[in-house]
Amino acid sequence: MDTLRVVITGIGVVAPGGIGTKAFWELLTSGKTATRAISLFDATGFRSRVAAECDFDPAKEGLTPQEIRRMDRAAQFAVVCTRDALADSGLTPAELPAHRTGVSIGSAVGCTMGLEEEYVVLSDGGRKWLVDSTYGVPHLYGYMVPSTLAVEAAWACGAEGPVALISTGCTSGLDAVGHGAQLIHEGSADVVIAGATDAPISPITSACFDAIRATTPRNEDPEHASRPFDRDRKGFVLGEGSAVFVLEELGRAKARGAHIYAEITGFATRSNAFHMTGLKPDGREMAEAIRVAMDKARIRPEDIDYINAHGSGTKQNDRHETAAFKASLGHRAYEVPVSSIKSMVGHSLGAIGSIEIAASVLSIERGVVPPTANLDTPDPECDLDYVPHTAREHRVRTALTVGSGFGGFQTAMLLSSLDVRDAA
Amino acid sequence: MTAVITGVGVVAPTGIGVEEHWTAVVNGDTAIRPISRFDASGYPVRHAGEIREFDAAERVPSLLVPQTDHWTHLGFQAAEMALADAGVDPAELPEYEMAVVTAASSGGTEFGQKEIQKLWSKGSRAVGAYQSIAWFYAASTGQISIRHGMRGPCGVIANEQAGGLDVLAQARRMLRNGAKVVVSGGTDASLCPYGLTAQLSSGLLSRDPDPARAFRPFTPGAAGYLPGEGGGKLIIEDAAHAAARGVRAPYGEVAGYAATFDPPPRSGRPPTLRRAIDGALADAAITAAEVDVVFADAMGEAGADLREAAAISAVFGPYGVPVAAPKVLTGRLYAGGAPLDVITALMCMRDGIVPAVPGGWELDPEQHIDLVQGEPRRMPVRTVLVLARGYGGFNAALVLRAP
Amino acid sequence: MADLGLDELKKIMRTCGVAESVDLDGEILDVPFEQLGYDSLAVLEIQGQIEQEFAVAMSDDALEHTKTPRQMLDFANDLITTGA
């Protein structure tokens, strides 16, 4: 049984539209979008040519030349977020109990940019199947194994406890934080650096989503391309970024006088066992994940004040999860504000779950829920309160955030202000 | 809650099926051969543990073959065998009580290389629809969940070689959280030109051209390891659930586990494998004296071997426990390596036979471990410690106990 | 360029595998792909191969118009003859 309570005491975010929690929250509450024409590679000829990119200069963010050379962009994001989250928590690596500090990082596609860039050289532009190993850079193996992302985060904070790279497609960011919380609940660690990172805006990832028509072809109007719950949505907009948290056992956090953002009160994951990419309209397994998370948290539908939706903006997803909210929360689904920040920061695959946790935690902290941008004409089948266009002042004591991933994975997490459990 | 292993499935260079594999291991039959999946003659490493006679068309549902990489074909087949071995019929069990958690290391490398080559040689529209579900690390878990209607928690841990033990501990956590039957374990298959090239860059592969000499852990001449493909899947089940459905003798119990992470290179801080071993023994509530055999990570790289031997002899005393390293017969299987070691360890417990590395190796006198050599050692085995390390600093230790 | 014929289509379908209970040499022209064991991803894969082989580009709503092999042949051959 879970006896130890887990709280978030530090946040680091690298997201499209700005580096750091302040810029991130300003973007979300302004309702502005960070989607634009792809600049990270020449997307001429691709079906979808829009993305939500980070304006990220690794040197400016404090990475050394060797770190920059060694690390894939996804690792760079994760390391910057790890350092920022630690600084935000008031802890220094030297103060962390190394043996009792764990790391849990999520990523859907690992170091895919590094893998592709090196492939192009080794294959001489796709000419050689028998790639030329003499052109291999020393850190190429580190790109092939996504574990490198967790290694870099662990090195950045000096963790010597349990370290894991969680890779469950687009629920990785929720699942990694859920795993981190589990390590504290069960007593395997006192502090866990948990979060997720992905940097997938590359030719191969864009081409593979093109092939299944999952990303939007709305190229002429990039700022309005990501349209969750809107009648005219045509697929998701690829994003990139990272969010990393300092998770601590509550007693420890209180003892050192840490600022506590929120408590992780519930977490559950289920699978639809239906299709690798497709979703049934009934949202059945996501509803089950939400119910199990509520049950574990001893939280009722009436206690949920905000839903941070997966809201990817594909035809299937937005109906699927609307149905899931209704099935799990009953009439409460119609009363509670629901929003998708993917409308503004795109869909960064495995990273987005953690970025959405950051948004949910900040909504609790600031009493504001971010809007769903570009929701001009609601889909008649999506009939909840999706907070169109404009952020809303709203007291949030418990937020629900959900994710849905290729492979059929459905995850739900509940985040609450401390008084929710104190009162229970 | 006690987590027991009720089914195993092996798809390894040493054999398809646990008995074929175990016979080869007991006999010391090496599966290291010249690489045949592609022309490796131009590469500095030309030998590996490949799976022979695995025809996906015969073993994997037809529609699944083109959708997935070789790595998932192997994992899928191993999962089928493990389920059959456990006598589990997923159709009869509650959907939310069945879970899947697999280890991944390199993902669908060969499939990915083919698609990325199409992209760079023919353009973005040449990339097929299946790249989106074949290459990524969650492909095997997702396909197994779908095939069997397993709607409980599903996960993937990608901690390179150590992940193969981490997922068994994760399966035990899932049982503690209410799941009843978990498909776990892992496979890897990165023997394609790009996969091999990436592995070469780590500097850990042995470039000794003589396959009989190339991979010799714990010897003074240790020059690295040879790679392999495949692995194993296990059914981890709540003991009470297994008993209720009539399982009389599970293979063994997942009795203890701990994971640690080494400090960065040149930090001056000590390595942490020993702490993982101590943690796993404490978790199993046993003393070092109760461990009958250790299955070593046995990387075959001088420094890594020295550190592992030091950790083992620190916990068990110099030459204090028999040490097995059957991976010399298969090569290092990454995500598949530790699950295969666990299955081999269960056979070792069942039959009371500790597998040996080939005789005639001169062991490093600096490494005070009792590596079983030459002939397999016959002895009662009730408790085994399995070790695995992942690239970059992961350490995992798992205690298995006879039922 | 030559039209896409049924035999050519079947060849492409076979690269996506054949479900255990399905005989592609039977009467399949008007059997929905779904009933033949090909889900939406498989149909996208089939479309992609046709696009590559015949140098055509299928529209985003192609899935709506290619629910059976006959529809796929008609849809593809329209594109091939118009050179779209």
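As a reminder, the structure under discussion sits directly above these lines.
Residues numbered from 1 in each chain as written. Chains lettered and ligands numbered in written order. Predicted model: local features only at pLDDT ≥ 70, side-chain atom pairs only at ≥ 80, totals over all residues. Heavy atoms only, no water.

The next thing to look at is the interface of chain B and chain A. If you look at the interface, chain B gives 75 residues, while chain A gives 72 residues. In terms of surface lost to chain A, no three residues of chain B exceed B:Trp120, B:Tyr194 and B:Phe261, which account for 11% of the buried area on that side. The tally of links from chain B across to chain A stands at four salt bridges. Across the salt bridge formed by A:Glu285 and B:Arg151, the nearest N and O atoms sit 3.3 Å from each other. Here chain B and chain A share 25 residue pairs in polar contact (both at pLDDT 80 or more) between them. Listed by contribution, the elements that provide at least two residues to the side of chain B that touches chain A are helix 4 (109-122), helix 5 (131-134), helix 6 (139-148), strand 6 (154-157), helix 7 (163-176), helix 8 (193-200) and strand 9 (252-261) of chain B. It is helix 4 of chain B that contributes the most residues to the side of chain B that touches chain A, 10 residues altogether. Among the residues forming the side of chain B that touches chain A, the class breakdown is 34 nonpolar, 29 polar and 12 charged. (Contact = heavy atoms within 4.5 Å. Buried area = accessible area lost by both parts, 1.4 Å probe. Salt bridge = Lys/Arg side-chain N within 4 Å of Asp/Glu carboxyl O. Polar contact = N/O pair within 3.5 Å; in protein donor to acceptor, adjacent residues only side chain to side chain. Helix = DSSP H or I, 4+ residues; strand = E, 2+ residues; numbered from the N terminus. Nonpolar A, V, L, I, M, F, W, Y, C, P; charged D, E, K, R; others polar.)

Next up on the list: the packing of aromatic side chains. Scanning the model with the defined rule gives 13 aromatic pairs over all chains in all. Plain terms: the ring middles of B:Trp135 and B:Tyr137 are 5.3 Å apart, the flat faces sit at 55 degrees to each other, and that makes the pair tilted. The same class applies to B:Trp135 and to B:Tyr137, which are both buried. When the centroid spacing of 6.0 Å and the interplanar angle of 70 degrees are considered together, the rings of B:Tyr225 and B:Tyr334 count as edge-to-face. Of this pair, B:Tyr225 sits in the loop between helix 9 (211-214) and strand 8 (230-238) while B:Tyr334 sits in the loop between strand 11 (322-324) and helix 13 (337-351), and the two are 109 residues apart along the sequence. Exposure class is identical for B:Tyr225 and B:Tyr334. Each is buried. Through successive ring pairs, a cluster of aromatic residues spans A:Tyr141, B:Tyr225, B:Tyr334 and B:Tyr391. The cationic tip of B:Arg332 hangs over the ring face of B:Tyr225; the distance from NZ or CZ to the ring centre is 5.5 Å. (Phe/Tyr/Trp six-rings, centres within 6.5 Å; stacked < 30°, edge-to-face > 60°. Buried < 20%, exposed > 50% of the residue type's maximum accessible area, 1.4 Å probe, protein only. Lys NZ or Arg CZ within 6 Å of the ring centre and 35° of its normal.)

What follows is about the nonpolar core. Most often, soluble globular proteins have nonpolar side chains that are buried together. Among the nonpolar cores identified, the biggest contains 249 residues, and B:Ile5, B:Ile236, B:Val342, B:Leu385, C:Tyr38 and C:Ile50 are the most heavily contacted of them. When residues in this core are grouped by element, the largest group, nine residues, is from helix 13 of chain B. Setting aside anything within four residues of it in sequence, one finds B:Val342 in contact with B:Ile5, B:Leu165, B:Leu168, B:Leu234, B:Val386, B:Leu398 and B:Leu400. Counting 45 residues, the second largest nonpolar core, distinct from the first, contains A:Val13, A:Ile341, A:Leu362 and A:Val396. (Core = buried A, V, L, I, M, F, W, Y, C linked by side-chain atoms within 4.5 Å.)

Pairing is mixed across the open sheet formed by three strands, whose spatial order is 3-4-8 (chain A). The sheet is open, and its two edges are formed by strand 3 (35-37) and strand 8 (238-239) of chain A, each paired on a single side. (Pairing = 2+ DSSP bridges.)

Within the secondary structure layout, A:Ile260 lies in the loop between helix 9 (250-255) and strand 10 (262-271). Taking the C-alpha atoms as reference points, A:Ile260 and A:Ser89, separated by 171 residues in sequence, lie 8.7 Å from one another.

What follows is about the pairing of strand 7 (residues 181-188) of chain B. All names here are of chain B. Within strand 7, eight of the eight residues are buried, which leaves the element mostly enclosed by the surrounding structure. Side chains Val181, Val183, Gly185 and Thr187 project from strand 7 onto one buried face, and the interleaved Val182, Ser184, Gly186 and Asp188 project onto a second face that is buried too. Looking at chain direction, strand 7 and strand 8 are connected through eight bridges and run antiparallel. Note that in strand 8 the partner of Thr187 across the bridge is Gly231.

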